[in-house]
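Descriptive structure summary
Here are the chains, one letter per residue:
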Protein chains: 2
Amino acid sequence: MAAAAAVSISTASKALNDTGRMGSETRERVKRIAAEIGYRPNALARGLLSKRSFTIGLLTNDTYGRFTLPVMAGISDALVDHGVSVFLCAIEDDPALAQIHVDAMLDKQVDGIIATGKRLDRRLPVDLSNLHVPVVYAFTEGTQNSVTFRSDDEQGARLAVEWLVKIGRRRIAHITGPEDFFSVRERAGAYHEVAGHREPVLYGVWSESWGHDAVEQLWKRSGEKPDALFCGNDQIARGAVDALRERGVKVPHDVSVIGFDNWEIVAAQTRPPLTTVDMELKELGRQAGLTVLALAEGRPVEPGVRKLPCRLIVRQSCGGEAPKE
Amino acid sequence: MAAAAAVSISTASKALNDTGRMGSETRERVKRIAAEIGYRPNALARGLLSKRSFTIGLLTNDTYGRFTLPVMAGISDALVDHGVSVFLCAIEDDPALAQIHVDAMLDKQVDGIIATGKRLDRRLPVDLSNLHVPVVYAFTEGTQNSVTFRSDDEQGARLAVEWLVKIGRRRIAHITGPEDFFSVRERAGAYHEVAGHREPVLYGVWSESWGHDAVEQLWKRSGEKPDALFCGNDQIARGAVDALRERGVKVPHDVSVIGFDNWEIVAAQTRPPLTTVDMELKELGRQAGLTVLALAEGRPVEPGVRKLPCRLIVRQSCGGEAPKE
DNA sequence: GTGATCTGAGAAAAGCTTTTACCAATCCTT
DNA sequence: AAGGATTGGTAAAAGCTTTTCTCAGATCAC
């Protein structure tokens, strides 16, 4: 303890926290000695008294980390300056495991919990609605009167389709995931709104092979072929690009392809690299982190769903403009 | 506090911890009431006394989470039963950020730290060698006298090449990453040992396009073509498979291709799905977690580097046998 | 010079749990 | 039936900070 090295005990605390009254030379001396011996206060003892642990929990059921990692990065980025550390708890859609993790976090007096997932329209398999710590939902369905952050998929889809229209495409098809996904319906809705109903929406699964198959279907039909594909995610887009290449259709010359997610490992490695919609998950995480912190500090936060805008990442799969990155 | 609801205060503690002596009916009653009111002891107070926070830190510089996530899953899996929670700290090769995270974790009295990275032969940009908490290294270079867990890349490579030999391939080429990676040299060494020196090793980068280019190079040469490709990772393998398809070379009929990493998103989505080497990172994380726990509890652990065996995941890109999964 | 005001610093309490020490009241032994 | 052992339970200390209270000495006013 710094007190031993220097002079007293409660004086040390006051000196280091710039609180209480004391001679400035005493304060300086204590600070100097504390720095010399590398004294750092025990956060457990501090937390015991202040009721603040400077710790939050991130609960996720996204095994692959596709969505969780960017969100986590944003949270950490926003909170590290405030001295907050983050418990990461991966629950595999297992209610019992989830409960264990939640209990462990509560025991450790987390200041708040952020729940995140891989789907906007599904809940985590654990009830967080009556905890005595604040809970913020990010990229997963929240409860009544909670704060929820999500991407604005409708706006993102509109961004994509408007871009295709802007670069002169007219026969835009939409190949996407399972229709029971809320975000699929939202994106499809925006697609219809902007592109009209000249081309069908092909619902399937979130895989490359579906993208591949969907292109086969489209090109086997008689009549004019699409001159653009708006795909529900980057994997589908990649499968579609591959199928087009195999058919000798040039991307982006003959057909523009646009994806969704900006999953670098898929989007950037596709040939040509995919123009795609980024859901700005890191920013989403940042805002979720700041919000849970605000709630933990008792600052008022209006409940409700906050939609964060998506951003179009222009690469080479659409043509029409030089890539920005 | 449960004491208020029941009878005393220290009695409650002893009742709940099955310690001390007391009437069995008193013990039961306290337990029952504690359960009824949902009492859970404050881990901060407990930790303050016991010097155990039941908390560890995971430090990583792997932004994509390709390696960190499986390791994290293994750690969490192994430690959740012991009531241990994990702080995840993503440091972006930024020494200052790393130090902030380490300090924050030490302040919070973590019982230990696991350092992990994306490369076996690189250190994290922060010195963890003289901390007063145990440190275990997993999939990153450790310090003298530390405990380090890593994959046995040599064994993994041998597994792959031996498999190719077993299914009758003889002209096996090796397309891999940058030669300055230790694991690249190890894998190439094992490749030479098993396959001899009949085909060249092509060093490049860790991307699909390099796999694609390497196949171009190989097939443009005069003379016999390889009948098998052992690739340094799944992305290279995927690029290679794509290039072969474009050339009309049948995989696996004409050429067997084998990858490394078992990165599901790449390996399983390739057509045909890739046979590949899995580094068992989850098991690696599990062992690292148990080891740091042992050290935290003062149990002796022999320092040194532990190589964990890799496992061959058989899919369709090699032929020769029905896939196991 | 004396009472009032300040100032600097230490003492003590609180926060929650576990552990050790302790004290009554039983129980046993002979 | 009395002394010792056992039992059931409480009181208190410790772990580390922060905060509030207190107090001795110095300063100031008149």
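In case you missed it, the structure is sitting above this.
Per chain, the residues get numbers from 1 upward, laid out in the order the sequence is written. Chain labels run from A onward and ligand labels from 1 onward, assigned in the order the entries are written. Totals for whole chains, interfaces and linings use every residue, but because this is a predicted model, local features are given only for residues with pLDDT of at least 70 and side-chain atom pairs only at 80 or more, for both listing and counting. Side-chain descriptors were evaluated using all non-hydrogen atoms of the structure, hydrogens and water having been removed beforehand.

**Describing the interface of chain B and chain A**
We apply this condition: Only heavy atoms enter the contact rule, under which two residues are in contact if any of them lie within 4.5 Å. Buried surface area refers to the total accessible area, computed with a probe of radius 1.4 Å, that the two partners give up upon joining, counted for both partners together. One speaks of a salt bridge when a side-chain nitrogen belonging to Lys or Arg is within 4 Å of a carboxyl oxygen belonging to Asp or Glu. In protein, a polar contact requires one atom able to donate a hydrogen and another able to accept it; more generally it is a pair of N or O atoms within 3.5 Å, and residues adjacent in sequence count only if both atoms are side-chain atoms. Note on conventions: DSSP H or I runs of at least 4 residues are helices, E runs of at least 2 residues are strands, and numbering of each starts at the N terminus. The classification used treats Ala, Val, Leu, Ile, Met, Phe, Trp, Tyr, Cys and Pro as nonpolar, Asp, Glu, Lys and Arg as charged, and all other residues, Gly among them, as polar.
With 46 residues of chain B at the interface, the matching set in chain A holds 46 residues. Together, the buried faces of chain B and chain A total about 4,100 Å²; carbon and sulfur atoms form 57% of this surface. Where chain B packs against chain A, one counts 10 salt bridges. There are 20 residue pairs in polar contact (both at pLDDT 80 or more) connecting chain B and chain A. Every element with two or more residues in the side of chain B that touches chain A is listed here: α4 (43-50), α5 (68-79), β2 (85-90), α6 (95-107), α9 (208-220), α10 (234-246) and α11 (264-267) of chain B. Here the side of chain B that touches chain A takes six residues from α6 of chain B, the largest share from any one element. Looking at the side of chain B that touches chain A residue by residue, the classes come out as 19 nonpolar, 16 polar and 11 charged.

**Re the protein's contact with DNA strand C**
To keep it simple, the criterion reads: One heavy atom within 4 Å of a molecule or strand is enough for the residue carrying it to be called near that molecule or strand.
Near DNA strand C, the surroundings consist of 24 residues, among which Ser8, Thr11, Arg21 and Thr26 of chain A together with Arg46 of chain B are the closest. By atom count, sugar and phosphate contribute 52% of the portion of DNA strand C lying within 4 Å of the protein. Interatomic distance of 3.4 Å between a side-chain N/O atom of Asn17 of chain B and a phosphate oxygen of DNA strand C. Breaking the surface near DNA strand C down by element, the ones donating at least two residues are α2 (10-17) and α4 (43-50) of chain A together with α2 (10-16) and α4 of chain B. A breakdown of the residues in the surface near DNA strand C according to their chemical character gives nine nonpolar, nine polar and six charged.

**Thoughts on the relation of the copies chain B and chain A**
Two copies of the chain are present, and they differ by a rotation about an axis and a shift along that axis. So the rule is basically this: Alignment of copies: least-squares fit on C-alpha atoms of residues with pLDDT of at least 70 in both copies.
Rotating chain B by 180 degrees and moving it 0.0 Å along the rotation axis overlays it on chain A with an RMSD of 0.1 Å. This pairing of chains is accounted for by a two-fold axis. Judged by C-alpha distance, Phe87 of chain B is the residue of chain B that lies nearest the rotation axis, at 2.2 Å. Take the interface residues of chain B: 100% of them recur as interface residues in chain A, which is what a same-surface contact looks like.

**With respect to the packing of aromatic side chains**
To be explicit about the condition: Two aromatic rings from Phe, Tyr or Trp, using only the six-membered ring of Trp, form a pair when their centres are within 6.5 Å; if the ring planes differ by under 30 degrees the pair is stacked, by over 60 it is edge-to-face, and anything between is tilted. Residue exposure (1.4 Å probe, protein chains only): buried if accessible area is under 20% of the type maximum, exposed if over 50%, otherwise partly exposed. A positively charged side chain is recorded as over a ring if its NZ (Lys) or CZ (Arg) lies within 6 Å of the ring centre. The angle to the ring normal must also be within 35 degrees.
Within this structure, the stated rule accounts for seven aromatic pairs over all chains. With centroids separated by 4.9 Å and ring planes inclined at 25 degrees, the aromatic side chains of Phe67 of chain B and Phe139 of chain B adopt a geometry described as stacked. With a gap of 72 residues between them, Phe67 of chain B in the loop between β1 (55-60) and α5 and Phe139 of chain B in the loop between β4 (135-138) and β5 (147-151) connect regions that are remote in the sequence. Measuring from centroid to centroid gives 6.3 Å for Phe230 of chain B and Phe260 of chain B, while their planes differ by 50 degrees, and the two rings are tilted. Here the residue Phe230 of chain B occupies a position in strand β8 (residues 228-231), and Phe260 of chain B occupies one in strand β9 (residues 256-260), the gap between them amounting to 30 residues. The buried category is assigned to Phe230 of chain B, whose relative accessible area is 0%. The positively charged end of Arg52 of chain A is found above the aromatic ring belonging to Phe54 of chain A, 4.5 Å away from the centroid. Its guanidinium or amino end placed over the ring of Phe181 of chain A, Arg119 of chain A lies 3.5 Å from that ring's centre, counting from NZ or CZ.

**Examining the environment of Pro70 of chain B**
Relative to the helices and strands, Pro70 of chain B resides in helix α5. Placed 214 residues apart in sequence, Pro70 of chain B and Leu284 of chain B show a C-alpha to C-alpha distance of 8.7 Å.

**Side note on the pattern of salt bridges**
Any two side chains of opposite charge can pair if their charged atoms end up close together. Using the criterion set out here, one finds 56 salt bridges over all chains in the structure. A salt bridge links Asp121 of chain A to Arg119 of chain A; the nearest nitrogen and oxygen atoms lie 2.8 Å apart. Salt-bridge contacts for Asp93 of chain B lead to Lys118 of chain B; the nearest nitrogen and oxygen are separated by 3.6 Å. On the criterion of sequence distance, the pair formed by Asp93 of chain B in the loop between β2 and α6 and Lys118 of chain B in the loop between β3 (112-116) and β4 is long-range, its members being 25 residues apart. Of the residues examined, Asp93 of chain B reaches a relative accessible area of 41% and is grouped as partly exposed.

**Quick notes on the environment of Tyr191 of chain B**
Residue and element names in this part refer to chain B. Looking at where Tyr191 falls in the secondary structure, it is placed in helix α8 (residues 182-195). Separated by 133 residues in sequence, Tyr191 and Leu58 place their C-alpha atoms 33 Å apart. Beyond its immediate stretch of four places on either side in the chain, Tyr191 contacts Val161, Ile172, Ala173, His174, Gly196, Glu199, Pro200, Val201 and Phe230.

**So, unusual backbone geometry**
Residue and element names in this part refer to chain A. Note the cis peptide between Arg271 and Pro272, where omega equals -5 degrees. Mapped onto the elements of the fold, Pro272 is located in the loop between α11 (264-267) and β10 (275-278). Residues other than glycine seldom take positive phi values, yet Asn262 does so here, at roughly 50 degrees. Classification of Asn262 by relative accessible area gives buried; the value is 10%.

Any link to function would need more than the numbers given here.
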